[in-house]
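Structural overview
So you can see what is in the structure, the chains are spelled out below.
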Amino acid sequence: MGNLISSENIERIKSVFHERGFKCTPQRLAVLKVLQDSHAHHSINKIHKKVKELLPDTGLATVYRSLEILVELDLAVKVHLEDGCHSYVIAPEGHRHPIVCTDCNKVIEYTECPMEDLSKKISKETGVQINTHFLQLFGKCRECQL
């Protein structure tokens, strides 16, 4: 997605929030900046720690709510981990599916989509127009297989 929090993009980011009825608060921008700067999947606690470096008075609940809004706005992606927790990452360009290692919780993004043909087949058979889908896979990464 490039440099989201640049001076050129800040107005676009604000309009994304406002068009969907959300305020573009400093805390939400800080959470977005942390995600943008990391380029990796992080737990809410790790994100909270980094946000507190930018805005020391920001509470965990504020970070959680901000992450949920960023996911709703398609600016971030929430990945379900094997242990029942979640990790978050800046929304990648293009369509991707996360593969989560069941041992170390490492997340690998898979770019091919096996669901395209399956969605068409299901739509044809059921008459349901499928608008979107969520596919996430679990397994052991190469390092954990050793």
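Residues numbered from 1 in each chain as written. Predicted model: local features only at pLDDT ≥ 70, side-chain atom pairs only at ≥ 80, totals over all residues. Heavy atoms only, no water.

**Brief notes about the overall build of the chain**
A count of helices and strands for the chain gives six helices and six strands. Of the regular secondary structure in the chain, the N- to C-terminal order runs α-α-β-α-α-β-β-β-β-α-β-α. Across its three principal directions, the C-alpha atoms of the chain cover 50 × 45 × 25 Å. Per-residue burial for the chain yields a buried fraction of 33% across its 146 residues. Within the chain, residue pairs in contact and separated by at least 24 positions form 50% of the contacts whose partners lie at least 6 positions apart. Entry remark: accessible area of the chain is about 9,200 Å², with carbon and sulfur atoms responsible for 52%. Across the chain, the centroid of the 19 positively charged side chains sits 3 Å from that of the 19 negatively charged ones. (Helix = DSSP H or I, 4+ residues; strand = E, 2+ residues; numbered from the N terminus. Buried < 20%, exposed > 50% of the residue type's maximum accessible area, 1.4 Å probe, protein only. Contact = heavy atoms within 4.5 Å. Areas by Shrake-Rupley, 256 points an atom, 1.4 Å probe, with all protein chains shown as cover. Lys, Arg positive; Asp, Glu negative; His and termini not counted. Charge placed at Lys NZ, Arg CZ, Asp CG, Glu CD.)

**Considerations on the sheet that holds strand S6 (residues 137-139)**
Strand order in the open sheet formed by three strands is S5-S4-S6, and the pairing between neighbours is mixed. Each having just a single partner strand, strand S5 (107-110) and S6 make up the two edges of the open sheet. When the angles between neighbouring strand axes are averaged without regard to direction, this sheet yields 25 degrees. Here three bridges tie strand S4 (residues 97-101) to S6, and the two strands are oriented parallel to one another. By the bridge assignment, Cys101 is partnered in S6 with Gly139. (Pairing = 2+ DSSP bridges. Axes fitted to C-alpha atoms, helices over the stretch in contact; angles between N-to-C directions.)

**Things to note about helix H3 (residues 44-54)**
Listed as buried for H3 are Ile44, Ile47, His48 and Val51. All buried residues of H3 lie within an arc of 100 degrees about the axis, which places them on one face of the element. Turned more than 90 degrees away from the buried face of H3, the exposed residues are Lys49 and Glu53. Buried residues belonging to H3 abut helix H2 (26-38), strand S1 (42-43), helix H4 (60-72) and strand S3 (86-90). (Arc of directions from axis to C-beta.)

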